[in-house]
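# Analysis of the macromolecular model
Read off the chains here:
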Amino acid sequence: MEPVRRKALVDAALRVIGDHGSLAVTMSDIARQASVSPALAHHYFGSKEQLLIETIRSLLRQLRSDTVAALKAARTPRARLSAIIRVSFHADQFAPETIAAWLAFYAEAQRSEETRRFLVIYARRLRSNLLADLKALLPADAAERIAEGAAAMIDGLYIRQSLKSAPIGIEASIALTEDYLNALLATASPSPRSEKGRPHRTTQGQMT
């Protein structure tokens, strides 16, 4: 029962944090949501802080698992980029309590080095995934610039979901990010690897 109860407590922590909009929750709040005693919650996690750390780990594991599965199904670098974008705006990630929890963890990262470390892992992983496939399409400097911009756009659109007065839906967020990527891919010079063996276009559009 231990894995089941630990997962139930992590899921409960996510819901309670989402409802409160901050990490200012108690172990009793979380235990009540999970229908277990506070003593049992302490038995499994020791402290609220350790339970919160496991909650952010759980979010990152799920995001990584979804990303790996999506990338395996994509056949080309461009398709893999689209897969990364779509996973970033997956319905599970767009659940109101999940958005609220991510924002709470970002706020906590200003005070907690461990929380900040986990969020840095997320940011580096997103950038690395984007960069790996952009480098197959573009020179390294252009790939790095576009990866930074795309990652910032994904994070920015995600944060805007917290603005109840101006929500942006999943498909709209995906379309905006795809438009950004398409525009930059169209104007950037292709990577020698992606163009090897293909005719080269001059700036006038003539084949050489």
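To keep things clear, this report deals only with the structure shown in the data block. Since we're looking at a predicted model, the values are computed, not measured. (Residues numbered from 1 in each chain as written. Predicted model: local features only at pLDDT ≥ 70, side-chain atom pairs only at ≥ 80, totals over all residues. Heavy atoms only, no water.)

### Focus on the packing of aromatic side chains
Test applied: Here a Phe, Tyr or Trp ring, Trp counted by its six-membered ring, pairs with any other such ring whose centre lies within 6.5 Å, and the pair is stacked when the planes are under 30 degrees apart, edge-to-face when over 60, and tilted otherwise. The buried label goes to any residue with under 20% of its type's maximum accessible area, the exposed label to any with over 50%, and the partly exposed label to all in between, with areas taken from a 1.4 Å probe on protein chains only. Counting from the N terminus, the helices are the DSSP runs of H or I reaching at least four residues and the strands are the DSSP runs of E reaching at least two. Look at NZ for Lys and CZ for Arg. If either is within 6 Å of the ring centre and within 35 degrees of the ring normal, a charge sits over the ring.
The full count for this structure, using the stated rule, is three aromatic pairs. Between F89 and F94 the ring centres are 5.5 Å apart and the planes differ by 90 degrees, which places this aromatic pair in the edge-to-face class. The class for F89 is buried, based on a relative accessible area of 1%. Ring geometry for F94 versus Y158: centroids 5.6 Å apart, planes at 70 degrees, classification edge-to-face. Highlighted residues: F94 in the loop between α5 (77-88) and α6 (96-108) and Y158 in helix α8 (residues 140-160), separated in sequence by 64 residues. For F94, a relative accessible area of 9% gives the class buried. According to the relative accessible area criterion, Y158 is buried, its value standing at 10%. In textbook terms, an aromatic cluster arises when at least three aromatic residues are bridged by ring pairs, as seen for F89, F94 and Y158. Above the face of the F45 ring, R6 is positioned so that its terminal group lies 4.3 Å from the ring centre.

### As for unusual backbone geometry
Even without a glycine there, the phi angle at S35 is positive, about 60 degrees. The residue S35 is located in the loop between α2 (27-34) and α3 (38-45) in this model.

### Comments concerning the pattern of salt bridges
We apply this condition: Salt bridges are identified by distance alone: a Lys or Arg side-chain nitrogen within 4 Å of an Asp or Glu carboxyl oxygen.
The full count for this structure, using the stated rule, is 11 salt bridges. Salt-bridge contacts for D133 lead to R80; the nearest nitrogen and oxygen are separated by 2.7 Å. Pair noted here: D133 is in helix α7 (residues 113-134) and R80 is in helix α5, with a separation of 53 residues, a long-range link. Linked by salt bridges that have partners in common, E54, R57 and R61 make up one network.

Any link to function would need more than the numbers given here.
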